[in-house]
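A closer look at the structure
Each chain is listed here by its residues.
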Amino acid sequence: MDRVLMGRTALVTGVSRRKGIGFAVADRLAAMGANVFCHAFPLFDAQQPWGVDSGGLEPLWDALRQHGTRIESMQADFANPDTPALTVAAAVHAFGHIDILVANHAYSTSGTLEELTAADIDAHLLVNVRGSLLLVKEFAAQHDDTQPGGRVVLFTSGQHLAPMPGELAYIASKGALHQLTTSLAAHLAPRGITVNTIDPGATDTGWATPEVHAAVRAGHPQGRWGTPEDAARLIAWLATEDAGWITGQIINSRGGA
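Residues numbered from 1 in each chain as written. Predicted model: local features only at pLDDT ≥ 70, side-chain atom pairs only at ≥ 80, totals over all residues. Heavy atoms only, no water.

**Observations concerning the pattern of salt bridges**
The test is simple: Every case where a carboxyl oxygen of Asp or Glu lies within 4 Å of a side-chain nitrogen of Lys or Arg is listed as a salt bridge. By definition, any uninterrupted DSSP run of H or I lasting at least four residues is a helix, any uninterrupted run of E lasting at least two residues is a strand, and each is numbered from the N terminus.
Summed over the entire model, instances satisfying the criterion amount to 9 salt bridges. For Glu72, the salt bridge is made with Arg70, and the minimal N-O distance between the two is 3.3 Å. Of the charged contacts, one joins Asp199 and Arg254 as a salt bridge, the two residues approaching to 2.9 Å between their closest N and O atoms. In this pair, Asp199 is assigned in strand β6 (residues 193–199) and Arg254 in the segment after β7 (250–252), connecting sequence segments 55 residues apart. Each of Arg8, Arg151 and Glu241 takes part in salt bridges that share partners, so that together they form one network.

**Digging into the side chain of Asn104**
Threshold: Nitrogen and oxygen atoms within 3.5 Å of one another constitute a polar contact, given that in protein one can donate a hydrogen and the other can accept it, and given that sequence-neighbouring residues count only through two side-chain atoms. In what follows, residue pairs with any heavy atoms lying within 4.5 Å of each other are defined as contacts.
As for its placement among the helices and strands, Asn104 is situated in the loop between β4 (100–102) and α5 (118–142). Polar contacts involving the side chain of Asn104 include one to the main-chain carbonyl oxygen of Gly14, which spans 3.0 Å. Residue contacts for Asn104: discarding those within four places in its chain leaves Thr13, Gly14, Ile21, Gly22 and Phe155.

**Examining the layout of surface pockets**
Applied cut-off: Cavities and pockets were defined on a 1 Å grid built over protein atoms only: a cavity is a set of grid points that admits a 1.4 Å probe from which the probe cannot escape, a pocket is an open set flanked by protein on both sides within 12 Å along at least five of seven lines, and lining residues are those with an atom within 4 Å of any such point. Grid points are joined across faces, edges and corners, and a volume is the space filled by probe spheres set on the points. For this classification, Asp, Glu, Lys and Arg are treated as charged, while Ala, Val, Leu, Ile, Met, Phe, Trp, Tyr, Cys and Pro are nonpolar and the rest, including Gly, are polar.
Considered as a void within the structure, the second largest pocket measures approximately 170 Å³ in volume. If you go around the second largest pocket, you meet 16 residues; those closest to its centre are Gly226, Asp230, Ser253, Arg254 and Gly255. Grouping the constituent residues of the lining of the second largest pocket by class yields 5 nonpolar, 8 polar and 3 charged.

**A few points about the packing of helix α4 (residues 83–95) against α5**
Operational definition: Working convention: axes come from line fits to C-alpha atoms, limited for helices to the stretch in contact. Angles between N-to-C directions cover 0 to 180 degrees. We call a crossing left-handed when the near helix sits turned anticlockwise from the far one by less than a right angle, and right-handed when that turn is clockwise.
Where α4 meets α5, the closest approach of the two axes is 8 Å, and the angle between their N-to-C directions is 35°. For the pair α4 and α5, the sense of crossing is right-handed. Counting all contacts with α4, which are made through Pro84, Ala85, Val88 and Val92, the residues of α5 involved are Gly131, Leu134, Leu135, Glu138, Phe139 and Gln142.

**A short note on the packing of aromatic side chains**
Note the cut-off: For Phe, Tyr and Trp, where Trp contributes only its six-membered ring, two rings pair if their centres lie within 6.5 Å, and the inter-plane angle classes them as stacked under 30 degrees, edge-to-face over 60, or tilted in between. The cut-offs for exposure are 20% and 50% of the maximum accessible area for each residue type, with area from a 1.4 Å probe on protein chains only; residues under the lower value are buried, those over the upper are exposed, and the others partly exposed.
This model, assessed by the stated rule, comprises 1 aromatic pair. Ring plane angle 50° and centroid distance 5.5 Å describe the contact between Phe44 and Tyr107, whose orientation is recorded as tilted. Here Tyr107 lies in the loop between β4 and α5 and Phe44 lies in helix α2 (residues 42–46), a separation of 63 residues in the sequence. Phe44 gets classed as buried once you look at its relative accessible area, which sits at 13%.

**Observations regarding the environment of His67**
Mapped onto the fold, His67 is located in the loop between α3 (58–65) and β3 (71–75). Of note is the side chain of His67, whose polar atom sits 2.7 Å from the side chain of Asp27.

**What about the packing of helix α1 (residues 21–31) against helix α8 (residues 228–238)?**
What counts is decided by this rule: Here the word oblique covers every angle except those under 35 degrees (roughly parallel), over 145 (roughly antiparallel) and from 65 to 115 (roughly perpendicular).
The geometry of α1 relative to α8 is characterised by a closest axis approach of 8 Å and an angle of 45° between their N-to-C directions. The angle between the axes of α1 and α8 places the two elements in the oblique class. Crossing hand, α1 versus α8: right-handed. Judged by residue contacts, Ile21, Ala24, Val25, Arg28 and Leu29 of α1 engage Pro228, Glu229, Ala231, Ala232, Arg233, Ile235 and Ala236 from α8. For the contact of α1 with α8, a count of residues per class yields 9 nonpolar, no polar and 3 charged.

**Some remarks on α3**
The line we're drawing: The arc in question is traced by the directions running from the helix axis to the C-beta atoms.
Buried residues of α3: Leu60, Trp61 and Leu64, and no others. Considered in projection along α3, the buried side chains sweep an arc of 95° and stay on one side of the axis. Looking at the packing, one finds that the buried side of α3 touches α1, β2 (35–40) and β3.

Read these as geometric descriptors, not functional statements.
The structure is reproduced here in C-alpha cells:
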C-alpha cells in the first residue's frame, strides 16, 4: 500500500473493537503511513449485546503497530464535557500535532416516540453532537495551517434518505452533524482544513440480530452488508491530497442502498 500519509498524525475516536469502523479506519491510516492516536471507551461496548473484545484493547494496538507507525491511545467517555479537550491534548502531547480527525465515536440506542425519555435524548446529544463539535473545535485550535492535509471526517446515518422511526434520539443527533457539515467546512476552508461527513450505510460491526442481518442483506442491491473496511477506504482517501478539493459534503457510501 502506498505510504502517502507518512509524516501525518490522525486522531480516531471510537476504536474499541476489532470489528468496528474505528479500528478499520485506524488500521487503514496506519497502513498508509500515518501515526494514529486512538480513543476508546470499552465500557460502553461492555454494556451492549455485542460486548467487548475478549482480549481487551492491547491486541488492537499491537495489530496497528505492525504497520510500523506509532500508535498511542487513551480511554475516555464523551459524555464528559472535558473529554474532547483532554483527548486532543493527549494526542498533541504524544505526537506534537494532529493533521486528521475522524470523529467515529457514537452513543446509540433504539427508541420509538413512545419509548423516548429526556435522558435518552440528552445522552445522544451530549456524546454525538456536543462531543463531536467540541472535538472539532479543539482540533482546529491546535492545527498548524502552514502544513497541508488538515482533515475532519464526521459520521451521519441514513435519516436523510429513509425513515428510521425506531431510532429517534440517535437520528436527531446524527442529523445535527449532517447540518453542521457545510458551515464547519466554510469556516475552516480558509485554513486548509476540509470537513466532510459520511453515511456508511448498514455496516456489519456485529450489532445486528440474525433476523436484522438477513433482512438487510436480502433488501440490499448488492446482496450484502457494508463492511468496516468499506468505510475505512473512503475515509483514508479523504485524508489524502487527492481529496483536498472536496469539502462540505455528505457522502453516502451505501452500496446503492
